[in-house]
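So you can see what is in the structure, the chains are spelled out below.
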Amino acid sequence: MNDSTITLPWLVIRQDDNGNRYRVGRYATRAEAQKIADSLDSRGHKQLYWVQRIDQGGEDADAVG
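Residues numbered from 1 in each chain as written. Predicted model: local features only at pLDDT ≥ 70, side-chain atom pairs only at ≥ 80, totals over all residues. Heavy atoms only, no water.

1. Considerations on the sheet that holds strand β3 (residues 48–53)
Okay, step 1: An order of β2-β1-β3 is seen for the 3 strands of this open sheet, with the pairing classed as antiparallel. The sheet is open, and its two edges are formed by β2 (21–27) and β3, each paired on a single side. For this sheet, the mean angle separating the axes of adjacent strands, direction not counted, is 25 degrees.
Okay, step 2: Summarising the sheet, strand β1 (residues 10–15) and β2 pair through 6 bridges and their orientation is antiparallel. For valine 12, the partnering residue across the bridge sits in β2 and is glycine 25.
Okay, step 3: Contacting β1, β2 and β3, helix α2 (residues 30–41) runs over the sheet at an angle of about 170 degrees to β3. (Pairing = 2+ DSSP bridges. Helix = DSSP H or I, 4+ residues; strand = E, 2+ residues; numbered from the N terminus. Axes fitted to C-alpha atoms, helices over the stretch in contact; angles between N-to-C directions. Contact = heavy atoms within 4.5 Å.)

Here it is in structure tokens:
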């Protein structure tokens, strides 16, 4: 485990219209991550954005490429 896992446990994930998933960024709080996800989602593209927490071991709850 490294320091960034502890201090930045919230991810913003993007899924495009082909089902490909990408990490957009890592954030310290859920509120901060949600604000970014909402901002990106409001642009009206076909991508889907959501917030996900990294578990204590540094792994995503769902495997994301």
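2. Digging into the nonpolar core
Okay, step 1: With 8 residues, the main nonpolar core is built from Trp10, Val12, Tyr27, Ala33, Ala37, Leu40, Tyr49 and Val51.
Okay, step 2: For this core, the secondary structure elements donating two or more residues are β1, α2 and β3.
Okay, step 3: Looking at this core, the element that brings in the most residues is α2, giving 3 residues.
Okay, step 4: Setting aside anything within four residues of it in sequence, one finds alanine 37 in contact with Val12, Tyr49 and Val51. (Core = buried A, V, L, I, M, F, W, Y, C linked by side-chain atoms within 4.5 Å. Buried < 20%, exposed > 50% of the residue type's maximum accessible area, 1.4 Å probe, protein only.)

3. Quick notes on the environment of tryptophan 50
Okay, step 1: When you line up the elements, tryptophan 50 lands in strand β3.
Okay, step 2: Apart from the residues within four sequence positions on either side, tryptophan 50 is in contact with Leu11, Val12, Ile13, Gln15 and Arg21.
Okay, step 3: Within the local environment of tryptophan 50, its side chain forms a polar contact with the side chain of glutamine 52, the two groups lying 3.3 Å apart. (Polar contact = N/O pair within 3.5 Å; in protein donor to acceptor, adjacent residues only side chain to side chain.)

The values are spatial; any link to function lies outside them.
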